[in-house]
Amino acid sequence: SFYGEGELYIVKSDTVSIQGRYEGTKYTKGLAATNKVAVGGEFLKGHVIEVGCMESGDITLDGEPILTSFPSEYKLLDVPDAEIFYNTDGELVDKATEMFDERRIVHMDLPMGVRLTVLRWSNYVDFRLRMPPQPEQDGGCGNFNHDPSDD
């Protein structure tokens, strides 16, 4: 169920893996909200980037903190076309959050046209994923075979 706690694939393919961790909050009356996203796979040469909410910890690459100052940016030297920016720029995913002044937004521009924007709030994250369909793709974003009955 999308309302329960756990870790689920957002995108799972032979080359791209994006997972979400979902946990209940006091504001959602126990229903799960996205707490962390992790991106990895062949397209990142085995690296894993994790971005959690402000309470859950650091932004990491392979378990090591990156983007420790604000604003900042990071380039994966061994992965062409992989850059991560941490700043206040960007459109909010959830218009209900417009009332919050403090914006902490992670922008991932990654190979194969994968663009992930993660908006970090105190105890949850919002995210926007833009990417072309991948061969053999599955996960919460669907499989892009034009048959919604098997997504």
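Right above here is the structure, for reference.
Residues numbered from 1 in each chain as written. Predicted model: local features only at pLDDT ≥ 70, side-chain atom pairs only at ≥ 80, totals over all residues. Heavy atoms only, no water.

K.L.:
Would you take a moment to explain the sheet that holds strand β1 (residues 6-12) for this structure?
P.N.:
Backbone-to-backbone hydrogen bonds join strands into a sheet, with any given pair of strands oriented parallel or antiparallel. Read from one edge of the open sheet, 6 strands run β1-β2-β3-β4-β5-β6, paired in antiparallel fashion. At either end of the open sheet lies a strand with only one pairing partner, and these are β1 and β6 (64-66). With strand direction ignored, the average angle separating the axes of adjacent strands in the sheet is 30°. (Pairing = 2+ DSSP bridges. Helix = DSSP H or I, 4+ residues; strand = E, 2+ residues; numbered from the N terminus. Axes fitted to C-alpha atoms, helices over the stretch in contact; angles between N-to-C directions.)

K.L.:
Quick question: what am I supposed to make of unusual backbone geometry here?
P.N.:
Leave glycine aside and you will find that most residues have negative phi; peptide bonds, for their part, are mostly trans. Backbone torsion omega between Phe 70 and Pro 71 reads -5°, so that peptide bond is classified as cis. In this fold, Pro 71 is placed in the loop between β6 and β7 (72-75). Phi is positive for Lys 45, close to 55°, though the residue is something other than glycine. Mapped onto the elements of the fold, Lys 45 is located in the loop between β3 (32-40) and β4 (48-52). You will see that Asp 81, though not glycine, has its phi angle at about 65°, which is positive. Within the element layout of this structure, Asp 81 appears in the loop between β7 and β8 (83-87). Judged by its relative accessible area of 58%, Asp 81 falls in the exposed class. (Buried < 20%, exposed > 50% of the residue type's maximum accessible area, 1.4 Å probe, protein only.)

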